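Structural description and commentary
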Amino acid sequence: MIKIRVWRRADGAPTRLLMTGHANRGEYGSDIVCAAASALVETLVMGLTQVVGQAPNGTVDDGKADLTFVVGSSEARAVIDTVLVGLQDLARTAPDAVSWQEFID
């Protein structure tokens, strides 16, 4: 199972994304749920880095992403929120493969 955990400040601004695991819905390398989650996280990193110019701190490796954010602009917040909506929807549509939890810092 892919476990997605998101931390937010009291005002709702996201501060951290931790995603671990695999969906186990198909063979390694051809699992569509894992591919969707990975594509969303890679898009998050590229969007923040290449579009906004504000790279997140942390790492993205096989089976794990641990990113922290300093939301310094409305553009960064929009990129982060958009990807988090996509990940949350993935958890909603594939609850047997993806779990979603949110925490307040």
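Note that the structure is a prediction, hence the values are computed from the model and not measured. (Residues numbered from 1 in each chain as written. Predicted model: local features only at pLDDT ≥ 70, side-chain atom pairs only at ≥ 80, totals over all residues. Heavy atoms only, no water.)

A few words on the side chain of arginine 8. Relative to the assigned elements, arginine 8 resides in strand S1 (residues 2-8). Leave out the neighbours within four places in its chain, and arginine 8 touches Ala13, Pro14, Thr15, Asp81, Leu84, Glu102, Phe103, Ile104 and Asp105. (Helix = DSSP H or I, 4+ residues; strand = E, 2+ residues; numbered from the N terminus. Contact = heavy atoms within 4.5 Å.)

Once that is clear, we can look at the packing of helix H1 (residues 32-52) against helix H2 (residues 74-93). Across the interface, H1 lies against H2 with an axial gap of 10 Å and an inter-helix angle of 180 degrees. Considering the angle they form, H1 stands roughly antiparallel to H2. Where H1 abuts H2, its residues Val33, Ala36, Ala37, Leu40, Val41, Leu44, Gly47, Leu48 and Val52 lie against Glu75, Ala76, Val79, Ile80, Val83, Gly86, Leu87 and Leu90. Broken down by class, the residue content of the contact of H1 with H2 amounts to 14 nonpolar, two polar and one charged. (Axes fitted to C-alpha atoms, helices over the stretch in contact; angles between N-to-C directions. Parallel < 35°, antiparallel > 145°, perpendicular 65-115°, else oblique. Nonpolar A, V, L, I, M, F, W, Y, C, P; charged D, E, K, R; others polar.)

Time to look at the sheet that holds strand S4 (residues 64-68). Judged by pairing direction, the sheet is mixed, and its five strands sit side by side in the order S3-S4-S2-S1-S5 without closing on themselves. Lying at the two open borders of the sheet, with one neighbouring strand each, are strand S3 (57-61) and strand S5 (98-104). Across the sheet, the mean angle separating the axes of adjacent strands is 10 degrees when strand polarity is ignored. With six bridges connecting them, S1 and strand S2 (residues 14-20) associate as antiparallel partners. Paired with arginine 8 across the two strands is proline 14, which belongs to S2. The strands touched by H2 are S1, S2 and S5; relative to S5, the strand with the most contacts, the crossing angle is about 135 degrees. (Pairing = 2+ DSSP bridges.)

Let's shift gears to H1. With 21 residues, H1 should reach 30 Å at 1.5 Å per residue; the first-to-last C-alpha distance of 28 Å fits that figure. Contacts from the buried residues of H1 go to S1, S2, S3, S4, H2 and S5. Its side-chain oxygen placed 3.0 Å from the backbone nitrogen of valine 33, aspartate 31 serves as the N-cap of H1. Looking at the residues trailing H1, positive phi occurs at glycine 53, about 80 degrees. (Expected span 1.5 Å × (residues − 1). Polar contact = N/O pair within 3.5 Å; in protein donor to acceptor, adjacent residues only side chain to side chain.)

Mapped onto the secondary structure, glutamate 75 falls in helix H2. For glutamate 75, a relative accessible area of 49% corresponds to the partly exposed category. For the pair glutamate 75 and arginine 25, spaced 50 residues apart in sequence, the C-alpha separation works out to 34 Å. (Buried < 20%, exposed > 50% of the residue type's maximum accessible area, 1.4 Å probe, protein only.)

In this section: the packing of aromatic side chains. Evaluated as defined, the whole model comprises one aromatic pair. Ring geometry for tryptophan 7 against phenylalanine 103: centres 5.1 Å apart, planes inclined by 25 degrees, an arrangement best described as stacked. Placement of the pair is tryptophan 7 in strand S1 and phenylalanine 103 in strand S5, with a sequence separation of 96 residues. For tryptophan 7, a relative accessible area of 18% gives the class buried. The exposure class of phenylalanine 103 is partly exposed, given its relative accessible area of 31%. (Phe/Tyr/Trp six-rings, centres within 6.5 Å; stacked < 30°, edge-to-face > 60°.)

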